[in-house]
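Notes for the structure review
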Protein chains: 2
Amino acid sequence: MGGSEIRRNMPLFSIGIVMQLTDLTARQIRYYEEHELISPARTEGNKRLFSLNDIDKLLEIKDLIDQGVNMAGIKQIFNVKQQTAISAAEKKQAEKTRRELSDADLRKLLRKELQQAGRFNRSGNHGDMSKFFH
Amino acid sequence: MGGSEIRRNMPLFSIGIVMQLTDLTARQIRYYEEHELISPARTEGNKRLFSLNDIDKLLEIKDLIDQGVNMAGIKQIFNVKQQTAISAAEKKQAEKTRRELSDADLRKLLRKELQQAGRFNRSGNHGDMSKFFH
DNA sequence: AAACATATGTAAGATAATCTGACATGAAAA
DNA sequence: TTTTCATGTCAGATTATCTTACATATGTTT
């Protein structure tokens, strides 16, 4: 179940398409990027390229703005969601680990873990792009 | 199960992205369009916009060309596939009809059918874009 | 072999789509 | 009322794509 992560993060859509899909103006989309609510990829020539996850986020942003939340609020909400997702992933991973690793593996892992702490990753709580893809 | 049809036919992708996704050159893609193997939509400004189905087809075309099939051959293959799909759909539809319509409905339908014959529609035998979306 | 057809490469000139940066503005907050 | 926020709008620059035309390698027909 890790492949769909990649797919949902694949930069595929031009800003024009994203405008249609989200019903936001280019100005709005760029403004949200400026406030780091999204971070679309770029082409070699500096054109923005959005992923499905970006579009999900934009739809969420739109909802939240309709409900009167400002940039700062949305940023916090995203942080919380991300943290929640990370926790959930860690929990799942811990559970998986408990079941899958032998004691020997565990010792090896522990050693590694003690040395280099703190790597990171994206998470992914999907919105409702299910309207567009299945 | 009709919504995903729409989604797969939604024009979303610029030619640049399709080039990356299919590993075809712009020249090749335009050539295949010229030979009516695909019919991408256009923006107001005449830029091509490809759907998931278009991309499926391009991947199929690529395979067939690798296997030495020429434009004419591919066109025939697509025709056959489409016909097959239509037949399948008709069969399914007939079955559905048999189960779902009352005799009254059937009489009404029959009348209509006798008047205006011959409307049409797309079909859809999907390729393997499952690599990119789920 | 010569001539032709097919599929693709490549280049030129035109136009569309997008970019950044700046200034304008209405509504809400201070 | 003055600021701040979210968005609109315009200008000038750059990228991406378009069509058309010619070039070319490989395969086919005469």
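Below or above, wherever it landed, is the structure these notes cover. (Residues numbered from 1 in each chain as written. Chains lettered and ligands numbered in written order. Predicted model: local features only at pLDDT ≥ 70, side-chain atom pairs only at ≥ 80, totals over all residues. Heavy atoms only, no water.)

1. Some remarks on the packing of helix H2 (residues 15-22) of chain B against helix H3 (residues 26-34) of chain B
All names here are of chain B. At their nearest, the axes of H2 and H3 sit 9 Å apart, and the two run at 100° to each other. Of the possible angle classes, the one that applies to H2 and H3 is roughly perpendicular. Between H2 and H3, the residues in contact are Ile15, Val18, Met19 and Thr22 and Ala26, Ile29 and Arg30, respectively. (Axes fitted to C-alpha atoms, helices over the stretch in contact; angles between N-to-C directions. Helix = DSSP H or I, 4+ residues; strand = E, 2+ residues; numbered from the N terminus. Parallel < 35°, antiparallel > 145°, perpendicular 65-115°, else oblique. Contact = heavy atoms within 4.5 Å.)

2. Overview of the environment of B:Gly16
Position of B:Gly16 among the secondary structure elements: in helix H2. As for B:Gly16 and B:Lys75, which are separated by 59 residues in sequence, their C-alpha atoms are 24 Å apart.

3. Concerning the nonpolar core
Proteins that are soluble and globular tend to have nonpolar side chains buried together. A:Phe13, A:Leu58, B:Phe13 and B:Leu58 are the most contacted members of the largest nonpolar core, which has 48 residues in total. Counting residues per element, the ones that place at least two in this core are helix H2 (15-22), helix H3 (26-34), helix H4 (52-66) and helix H5 (71-100) of chain A together with H2, H3, helix H4 (52-66) and helix H5 (71-100) of chain B. (Core = buried A, V, L, I, M, F, W, Y, C linked by side-chain atoms within 4.5 Å. Buried < 20%, exposed > 50% of the residue type's maximum accessible area, 1.4 Å probe, protein only.)

4. A few points about unusual backbone geometry
The phi dihedral of A:Asn46 is positive, around 80°, even though this residue is not glycine. Locating A:Asn46 in the fold gives a position in the loop between strand S1 (41-42) and strand S2 (48-49). The residue B:Glu36 is not glycine, and still its phi comes out positive at about 60°. Relative to the helices and strands, B:Glu36 is located in the loop between H3 and strand S1 (41-42).

5. A word on the packing of aromatic side chains
All names here are of chain B. Under the definition given, this model contains 3 aromatic pairs over all chains. Taking the centre distance of 6.3 Å and the plane angle of 65° together, the rings of Tyr31 and Tyr32 count as edge-to-face. Of the residues examined, Tyr32 reaches a relative accessible area of 5% and is grouped as buried. (Phe/Tyr/Trp six-rings, centres within 6.5 Å; stacked < 30°, edge-to-face > 60°.)

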